[in-house]
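# Examining the three-dimensional arrangement
The chain contents come next:
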Amino acid sequence: MTAPWSVLEIAPTDDKREVKRAYARKLKQTRPDEDSVAFQQLHEAYKFACYLVENDLAIQDDTEDEALSGAGPEVLEALHSEPEEGVGDPQGQCQQDETPAATTAPPDFQYLLDHMDALLASKNDHYFVENWKAFEQDEHLLTEDFRTSLGDAVFARVIAHWKACEEQRNEPAMLRSAVLHYLDSIFGWSNRYYDLLYGYDYSAEDLEFLNDLKDYVPQQASKKFGVKGGAALHIEEKRKTGAALFDGEAESLPFVRGLAFVADVVLLALIVYPLDLLFGLSAQYDWPTVIFTLYVVLAPPCEASIWRATPGKRLLGLQALNKHRQRLSLTHAYLRAAVLWAMVGGVTYIDSLMPIDSLTVLFAVGVFGVYLQKSKGRFLNDAASFSLVSFARKPGP
Amino acid sequence: MDDSPGEDLKFFLKRRTDNMAIIGIDLGTTNSACGVWQDGAARLIENRHGDLLTPSVVGLDGGKNIIVGKTAKHRLMTHPDATVAVFKRLMGTKHEVELNDRRFSATELSAFVLKSLKEDAETYLGEAVEEAIISVPAYFNDNQRHATKQAGEIAGLKVRRLINEPTAAALAYGLHERKEGIFAVLDMGGGTFDVSVIEYFEGVMEVHASAGDNYLGGEDFLEALVSDFLARNDLEREQLTKQELQQLFESLEEVKCNINAPWPKRLALTLAGREIEFEASGEWFKTCVTPLLLRVRNPIEQALRDARIPLAEIEEVLLVGGATRMAIFRNAVGKLFGRIPSSHLDPDLAIAMGAAVQAGLKAKDRTLDDVVLTDVCPYTLGTEVVDPGGSGRAGYFLPIIERNSVVPASRVETLQTVENNQKQLQVNVYQGEHRLVEKNVFLGAIDVKVPPNKAGEETFDLRFSYDMNGLLEVDVKVNSTGTLINHVIEQSPGTLSAGELERSKERLAALKFHPREQEENRELLSRGEHLYSLYLGNERTMLGELLANFERVLDAQNATEITKARQQLKELLDAMEAGPLQ
Ligand SMILES: Nc1ncnc2c1ncn2[C@@H]1O[C@H](COP(=O)(O)OP(=O)(O)O)[C@@H](O)[C@H]1O
Ligand SMILES: [Mg+2]
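Scope of this entry: the structure provided in the associated data block.

### Considering the overall build of chain B
Each helix and strand in chain B was counted, giving 15 helices and 28 strands. Looking at the 582 residues of chain B, the share that counts as buried comes to 56%. Put simply, 67% of the contacts in chain B that link residues at least 6 apart link residues at least 24 apart. Here chain B has roughly 24700 Å² of accessible surface; of this, 49% comes from carbon and sulfur atoms.

### Looking at the overall build of chain A
Summing up its helical and strand segments, chain A has 18 helices and 3 strands in all. Expressed as a percentage of its 397 residues, the buried residues of chain A come to 40%. A separation threshold of at least 6 residues defines the contact pool for chain A, and within that pool the share at least 24 residues apart is 65%. A total accessible area of about 22400 Å² is found for chain A, and carbon and sulfur atoms account for 60% of it.

### A look at the site of ligand 1
All names here are of chain B. Near ligand 1 lie 16 residues; those nearest to it are T30, G190, E253, K256 and G322. One of the backbone N or O atoms of N31 is found 2.8 Å from an oxygen atom in ligand 1. Contact between ligand 1 and G190: an oxygen atom at 2.8 Å from a main-chain N or O atom of the residue. Those elements giving two or more residues to the shell around ligand 1 turn out to be α6 (218-232) and α7 (242-257). Looking at the shell around ligand 1 element by element, the count peaks at 3 residues for α7. When its residues are assigned to classes, the shell around ligand 1 shows 3 nonpolar, 9 polar and 4 charged. When residues of the shell around ligand 1 are sorted by domain, at least three fall in each of domain 1 (20-178 + 346-370) and domain 2 (218-292).

### Overview of unusual backbone geometry
Most peptide bonds are trans, and most residues other than glycine sit at a negative phi. Residues and elements named next belong to chain B. Look at the link from V407 to P408: it is a cis peptide, with omega at 0 degrees. As for its placement among the helices and strands, P408 is situated in the loop between β21 (406-407) and β22 (409-416). In this structure, D234 takes a positive phi of about 55 degrees despite not being glycine. With respect to the element layout, D234 can be found in the loop between α6 and α7. Of note in this structure, R308 is not a glycine but carries a positive phi near 50 degrees. Considering the arrangement of structural elements, one finds R308 in the loop between α9 (297-307) and β17 (316-320). Taking relative accessible area as the criterion, R308 reaches 49% and is therefore assigned partly exposed.

### A few points about helix α10 (residues 327-337) of chain B
All names here are of chain B. The complete set of buried residues in α10 reads I328, F329, A332, V333, G334, L336 and F337. Those residues of α10 that are buried lie in contact with β12 (181-188), β13 (193-201), α8 (282-294), α9 and β17. In the stretch just after α10, G338 is the one whose phi turns positive, near 65 degrees.

### Overview of the packing of helix α2 (residues 70-78) of chain B against α7(B)
All names here are of chain B. The interhelical angle for the contact between α2 and α7, taken along N-to-C directions, is 125 degrees, at an axis separation of 7 Å. One finds that α2 runs oblique with respect to α7. Taken together, the residues of α7 that come into contact with α2 (itself represented by L76, M77 and T78) are Q243, Q246, Q247 and E250. Here the contact of α2 with α7 is built from residues that sort into 2 nonpolar, 4 polar and 1 charged.

### Focus: the packing of helix α5 (residues 165-177) of chain B against helix α11 (residues 350-362) of chain B
Between two packed helices, what matters for the description is the angle formed by their axes and the separation of those axes. Residues and elements named next belong to chain B. Look at α5 against α11: their axes get within 7 Å of each other, and the N-to-C directions meet at 80 degrees. As the angle between them shows, α5 and α11 are arranged roughly perpendicular. Residue-level contacts link E165, A168, A169, L171, A172 and L175 of α5 to A350, I351, M353, G354, A355, V357, Q358 and L361 of α11. For the contact of α5 with α11, the residue count by class is 11 nonpolar, 2 polar and 1 charged.

### Comments concerning the sheet that holds strand β24 (residues 441-449) of chain B
All names here are of chain B. If you trace the 4 strands from one edge of the open sheet to the other, you get β20-β19-β23-β24, paired in antiparallel fashion. Looking at the sheet topology across the chains shown, the edges are occupied by β20 (396-401) and β24. When the angles between neighbouring strand axes are averaged without regard to direction, this sheet yields 30 degrees. Of the pairings in the sheet, the one linking strand β19 (residues 381-385) to β20 comprises 5 bridges and is antiparallel in character. Bridge pairing in β20 places L381 opposite I401.

### Digging into the pattern of salt bridges
Residues and elements named next belong to chain B. Here the structure, examined in full by the defined rule, presents 36 salt bridges over all chains. A salt bridge links D306 to R403; its shortest N-O distance comes to 2.3 Å. Remark: R403 occurs in the loop between β20 and β21 and D306 occurs in helix α9; sequence separation between them is 97 residues. In this structure D306 comes out as partly exposed when scored by relative accessible area, which is 23%.

### Topic: the sheet that holds strand β26 (residues 472-478) of chain B
Residue and element names in this part refer to chain B. Here 4 strands make up an open sheet; going across it, the order is β22-β25-β26-β27 and the pairing antiparallel. The strands lining the two open edges of the sheet, one partner per strand, are β22 and β27 (484-486). This sheet shows a mean twist of 15 degrees between the axes of neighbouring strands, independent of strand direction. Summarising the sheet, β26 and β27 pair through 3 bridges and their orientation is antiparallel. For V476, the partnering residue across the bridge sits in β27 and is I485.

### A word on the nonpolar core
All names here are of chain B. Judged by nonpolar contacts, the single largest core of 54 residues is most densely connected at L186, F229, L252 and F329. Top contributing element to this core by residue count: α6, with 7 residues. Counting residues in hydrophobic clusters, the runner-up holds 42 residues, among them M91, V129, L162 and F513.

### A look at the packing of aromatic side chains
Where two aromatic rings form a pair, the distance of their centres and the angle of their planes describe that pair. Under the defined criterion, the tally for this structure stands at 14 aromatic pairs over all chains. Consider the rings of A:F187 and A:W189, whose centres lie 5.6 Å apart with planes at 20 degrees: the pair is stacked. Here A:F187 and A:W189 have matching classes, each one buried. Considering the side-chain rings of B:Y173 and B:F183, the 5.4 Å spacing of their centres and the 85 degrees angle between planes classify their relative orientation as edge-to-face. Taken together, the residues span a long stretch of sequence, with B:Y173 in helix α5 and B:F183 in strand β12 at a distance of 10 residues.

### Notes on helix α16 (residues 330-353) of chain A
Between the first and last C-alpha of α16(A) there are 34 Å, a value that for 24 residues agrees with the 34 Å anticipated at 1.5 Å per step. Within α16(A), the full set of buried residues consists of A:H332, A:A333, A:R336, A:A337, A:V339 and A:L340.

### Topic: the pairing of strand β11 (residues 158-164) of chain B
A regular strand places its side chains on the two faces of the sheet in alternate fashion. Residue and element names in this part refer to chain B. A large share of β11 lies buried, amounting to 5 of its 7 residues. As judged from the 6 bridges shared by strand β10 (residues 131-136) and β11, these two strands associate in the parallel manner. Paired with A132 across the two strands is V159, which belongs to β11. For the handedness criterion, the β-α-β arrangement of β10, helix α4 (residues 142-154) and β11 is classed as right-handed.

Calculation notes
Residues numbered from 1 in each chain as written. Chains lettered and ligands numbered in written order. Predicted model: local features only at pLDDT ≥ 70, side-chain atom pairs only at ≥ 80, totals over all residues. Heavy atoms only, no water. Helix = DSSP H or I, 4+ residues; strand = E, 2+ residues; numbered from the N terminus. Buried < 20%, exposed > 50% of the residue type's maximum accessible area, 1.4 Å probe, protein only. Contact = heavy atoms within 4.5 Å. Areas by Shrake-Rupley, 256 points an atom, 1.4 Å probe, with all protein chains shown as cover. Near = heavy atom within 4 Å. Polar contact = N/O pair within 3.5 Å; in protein donor to acceptor, adjacent residues only side chain to side chain. Nonpolar A, V, L, I, M, F, W, Y, C, P; charged D, E, K, R; others polar. Domains from an automatic or database assignment. Axes fitted to C-alpha atoms, helices over the stretch in contact; angles between N-to-C directions. Parallel < 35°, antiparallel > 145°, perpendicular 65-115°, else oblique. Pairing = 2+ DSSP bridges. Salt bridge = Lys/Arg side-chain N within 4 Å of Asp/Glu carboxyl O. Core = buried A, V, L, I, M, F, W, Y, C linked by side-chain atoms within 4.5 Å. Phe/Tyr/Trp six-rings, centres within 6.5 Å; stacked < 30°, edge-to-face > 60°. Expected span 1.5 Å × (residues − 1). Right-handed = clockwise from strand over helix to strand, strands pointing away.

By themselves, these are just geometric observations and shouldn't be taken as functional.
Structure, rendered in structure tokens:
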């Protein structure tokens, strides 16, 4: 007798019940917690026997039986590698799945996709998770086929939108990670990373954001826990949001940013003034240049610190963040400052070529004001340096 | 034959320990329970209040007394700074909870609950109990399992086995009903959701696959209701006092458990100085919890896929855990499986029963000779390697034991050095399903010295062994020198070193439970205080007087007086608790 039958101590059979009975009998002599090596062998033999029975390979004529016993390891190999093939070939699976799905006409979800397109095309609506909740109102969502096909269609749109935003450098239009996470919790994309990677026309970069979504739930969950029972909970990075004088309304952002800048300038002036008295800096440089240079040099370390803000911004509850709404790295913060410096430098240069009269300045200020209103407080240098400034306490619900 | 008295004594001692009962404990997020295997059946043990369930709530009172269970649960509202619940969610992390300016880890808090259960079992059995089986969510990771085991040790219990909760429930069910076939066990308790696909045949309980979500449970449903309630009423959590928040939690918990009851669920609360009236409708409930219900399906799909068992072959769906009582959950599950889930088991007690069966198995009870249990590891375990593609970057995950392999499992992988004259290897051990280690859970690291040689010339064997408890052991063997390093995972987060364990034990030994005979009085007092905080006006005054009187009687220490006063107070509290919702 050959493996697995010798281990199970039965003659080759195509009756699964008999295999199970033999396994159960042997298992009671080879308990997993007593002899783990023997148990492993027994269990493998059992699985192998089941595999042979299920695939009608258990009973064969002699020649083939010989061949099989000789090829034992390969068959075992095939047994072990089977699941990978299954995962690696989702399209094959899809085709199988489609036949039964096609017989019962899938419920229509076009209206949801239309809703989604409208959200994506809108300016701000897509920002709020609430607006996406139309998805979960659909009763059919609990039906697997419906959910999978809707999920894949939504996913394709998310990717297309993502790429379009990257191309146009239109970061404000990008979907927030909270929205992505919400969609993921419905459609379970991050559980299907490899399915999506191999089954569709996506690259690993396209799917990059799926990796981050998984961490999102536990973080959220452990943060909100702790109120229950009231007892104080110590979390290592318990961070207070800045002392917010403003309640985080998006409309006030440009105004508050201006205020923050003024506060920073005043602060710097307070530092520079005694230096000026000591070393007479203003004899060589004019005040604005000194202060602006200092701002450009000193702001980035502050923004890359856990404050995520210069003292002025901190005071008013603002933060400078990268497009993923995370803290800026020091280099990134300097890039931000450099863009600002270049822009101001450019204006100064133009001024030196052909002095700008006060009327033009007034006109420019007006244009800038309109621009700010339109861009919802997003300055040119933010856009050019892939960063943004927002209230530390996120606006919205 | 040398029949020395020493041998005799050893034999006697061995018999003693053999006969000593092993208890089975369900250490839940919300409720815990405990049982033993006795005379061929699983028996659950009543606690000091005569209940089978002990709420997993811990508090400190004034001096150095620990309060556990029902008494502590009443005090959540009256003493929010000194009482804590749902700490199981923090197991295996470094988070600490502050009670009256003293800090406790989740492991220590769990140890309190275990100790209380242990004492109850000792009273019931009339003998010392030193060994236990403790159940853990199947999806608990290695750190969380170690923490649970250590909690047992701190409580003075040697943990003979950690058993997965759904497996325990299936064991209880299978033995009870003696029904063969493949079933799916869904366990949703207070904090976790587990799915196991299990087959029972010929006395063999075989777990095919487990999957789960460690952050999905009844508490999350409650949290969803609370968040939505606050949003609807324009309230911020920060505006509420701890008492108000706790009261809101309790009211909505009641709504959650009774949402399908025919009576109206009207809330009248005073929050942040405002009178708020709220009608909790079924519709409202549904909108709040649907996102959570959608998350139920991912683990179910994963377990079925891993088990490679088609949905049609599932013969029965078993529901355990209190949160599965929600009709909306049952409906969703019914829809997924296309059949009505069965409820043969008491969802609160099945796991403790199963743990008791496992205790019987562990003690080799003769009545369980024909039962064998095999389980799986729900996670993939592996190590960090450099990019197999040759970029030289580290951070890639090499799976060594695939998830849902049967345990105990042991696998070896041979790895090599990557740099010339590399002197040291750092073997980082991870658990998870992602191809990059940073996305997986870090379990620990082992430093190994290797003799300097050309890159790739030095090889070492890395052996992972996953034991029956779902705990990992790692062996490293350097092939050129033959050096062998066994299972020392250092730097593992959230678990205590031997020294820390000792210190924890000492620290907790200084804290004492109230003497048993006083426990009933204490429970009554805290229950009274809880009601006192709920009522206003006349009732409140009357209750206050009665409580003060009861305290006076207790101080006077006259036994008959105490019994009389206790009876009186109890009747009143029962009448008041029967309260408004009925
Ligand atoms: N009738 C009910 N309806 C809805 N939820 C319930 C009901 N009874 C209990 N629960 C919920 O079940 C959870 C506790 O379940 P349990 O199995 O005891 O948890 P654990 O095993 O984690 O201790 C709690 O979140 C509780 O709110
Ligand atoms: Mg439970």
